[in-house]
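Per-entry structural report
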Amino acid sequence: MKQLINYRLFIFCYFTSCGGLLTAQTQFGSQQIIDSTVYGVTKIVTADIDNDGFLDIITSQKYFNNNKISYFLNSGSSTFGSQIILTTNVNSSEGIAVADIDDNGWNDIVAISHNPTKVIWFPNSSNGFSSEVLIDSDLTLPEDVEIADIDNDGDLDIIVLDHFNIVVYYNLGGGNFNKVTTPNNQFEYYAFSIADLDDDGFKDIIIGSGPVLVYMNNNGSFTTHDTNRSNSISNNGFCFMTHTADLDGNGTKDLIIDGNSSSEIVWYSNDGNGFFTLEQTLDFTTQCKSVSAADFNNDGNLDVFASLFQEGEVALYHNNGMGNFGNKQLISTGNIAHTVVTSTADLNNDGKTDIIWAHPLSFHLNTSVLGLDDYSVTNPTSVFPNPAENQLYIDNIKHHNYTIIDMTGKVLLQGIYKESIDVSSLSKGLYLLKMGNETAVKFLKL
């Protein structure tokens, strides 16, 4: 047991950067194209819409005569079904949101449209989706939509970022909503995020505009932007992307934006009261319109996954701890000027966060080996010699597939075990050996 505890300490230190060790790099499987004909994706949302226990993919689209709201059902075997079109009765839809609005146990879909302007709701039940329900058609130019409990009354409200207004549709139950508009006379709105910024239990709103604007929730309602909090975000140009996540692990929602007129991806730390301090530029790029934050390598820190619009790339920035991000890890390349949208979810229920992006509409499964969180450990003495030399032998096993993995999760050697394994190409260090489909691994020391 003492030996196992020491191994666990090594793994912990390795993945949390203590003692000068490096943060593990995440490994992803090959690009899996869901549908290469789905152009102009403006938003990707994941939710279980058929209640089978697996997260499905829902998209909004515009351009190329592809104005539609669609979904792709997750088969549960790391594949998705064909596109199911929910409606084409939208124009230049910039967003969708998914949640159980009517509290019947099934996730509904809410969408927005530009021309005509409208907010529509598709109720979901065991019989599938109903026809669209028009919630509102009196809007300026809806930019995005989210679903959250704004007034803390226990049901979910609909929030629309109109081009000049915040519009909240307070859920009254029974499919009825009360529309409340917070207008402004100065700014155009482009993007928004909803999060509790000052830990008072009410969800606030951050809006990307010319400046970045912070709207504080006052017991379930909004008035005007908070000047002091907004001025703490020293953005030097138009902001077209906002995202909130706890990047430094202190329990508050921090902010990621495209700074300096979309030439940077930067993050600001939240002091716990909704005032922000610039911490780091993650990358210099042109027009990053979408990021997602998740702990991809299971080290306890939220990493950032981004689409780089003009480069046609999707990339990962690992959080080395306390919000310090490393260099770009290129995950895949898509179509320049169309690789716009990202999302994250555990698509195959293996406990790891996978990535989804467009265009083309694709996903990559997270194939990282995360040490003891993924596998139990068997007796290392069945592998000999251990520490290993050039050849490795295993007791009582033949004709089994083997995989040798380094401590970052990278697969180094694979094959079928016959008499021995040639490990002469490996450097000295600690490795994991997996045999066949077993969930147990053996530690190897070279």
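Residues numbered from 1 in each chain as written. Predicted model: local features only at pLDDT ≥ 70, side-chain atom pairs only at ≥ 80, totals over all residues. Heavy atoms only, no water.

Moving on, we come to the packing of aromatic side chains. Tallied over the entire structure, the rule returns ten aromatic pairs. Seen from their ring centres, Y190 and F240 are 4.8 Å apart, and the 45 degrees between their planes marks the pair as tilted. In this pair, Y190 sits in the loop between β15 (176-183) and β16 (191-195) while F240 sits in the loop between α2 (227-231) and β19 (242-245), placing the two residues 50 residues apart along the sequence. By relative accessible area, F240 is classed as partly exposed at 34%. Ring plane angle 75 degrees and centroid distance 6.4 Å describe the contact between F296 and F305, whose orientation is recorded as edge-to-face. Here F305 falls in the buried class, since its relative accessible area comes to 0%. (Phe/Tyr/Trp six-rings, centres within 6.5 Å; stacked < 30°, edge-to-face > 60°. Helix = DSSP H or I, 4+ residues; strand = E, 2+ residues; numbered from the N terminus. Buried < 20%, exposed > 50% of the residue type's maximum accessible area, 1.4 Å probe, protein only.)

For the structure shown, the criterion picks out seven salt bridges. Here D136 and K179 are joined by a salt bridge, their closest N and O atoms 2.7 Å apart. One end of the pair, D136, is in strand β11 (residues 133-136); the other, K179, is in strand β15, with 43 residues separating them in the sequence. The exposure class of D136 is buried, given its relative accessible area of 10%. Overall, K179 belongs to the partly exposed group, its relative accessible area being 31%. Salt-bridge contacts for E313 lead to K328; the nearest nitrogen and oxygen are separated by 2.9 Å. Taken as a pair, E313 in strand β25 (residues 313-319) and K328 in strand β26 (residues 325-333) lie far apart in primary sequence, 15 residues in all. For E313, a relative accessible area of 15% translates into the label buried. In this structure K328 comes out as partly exposed when scored by relative accessible area, which is 37%. Shared partners join several salt bridges into a network, and the residues in it are K43, D144 and E146. (Salt bridge = Lys/Arg side-chain N within 4 Å of Asp/Glu carboxyl O.)

What follows concerns the nonpolar core. Counting residues in hydrophobic clusters, the biggest one holds 17 residues, and the most contacted among them are I44, I356 and L361. Within the residue set of this core, elements represented by two or more residues are β2 (41-47), β27 (341-345), β28 (354-358) and β29 (361-364). The contact partners of L361, leaving out residues within four places of it in the chain, are Q32, I33, I34, D35, V38, I44, T59, F72 and I356. (Core = buried A, V, L, I, M, F, W, Y, C linked by side-chain atoms within 4.5 Å. Contact = heavy atoms within 4.5 Å.)

By the secondary structure assignment, T42 is in strand β2. Reaching out from T42, the side chain makes a polar contact with the side chain of S60 at a distance of 2.6 Å. What T42 contacts, discounting residues up to four positions off in sequence, is S60, Q61, K62, S93, E94, G95 and V341. (Polar contact = N/O pair within 3.5 Å; in protein donor to acceptor, adjacent residues only side chain to side chain.)

Let us now look at unusual backbone geometry. Cis geometry marks the peptide bond from N115 to P116, where omega comes out at 5 degrees. Cis peptide bonds are those with omega within 30 degrees of zero, and the linkage from H359 to P360 qualifies with 5 degrees. Locating P360 in the fold gives a position in the loop between β28 and β29. We note that D103 has phi near 60 degrees; this positive angle belongs to a residue other than glycine. Among the secondary structure elements, D103 is positioned in the loop between β6 (96-99) and β7 (108-113).

The next subject is the sheet that holds strand β35 (residues 421-422). With respect to topology, three strands assemble into an open sheet ordered β31-β32-β35, the strand pairing being antiparallel. Pairing within the sheet leaves two strands with one partner each, and these edge strands are β31 (383-384) and β35. The sheet contact formed by strand β32 (residues 391-394) and β35 spans two bridges and is antiparallel. Paired with Q391 across the two strands is D422, which belongs to β35. (Pairing = 2+ DSSP bridges.)

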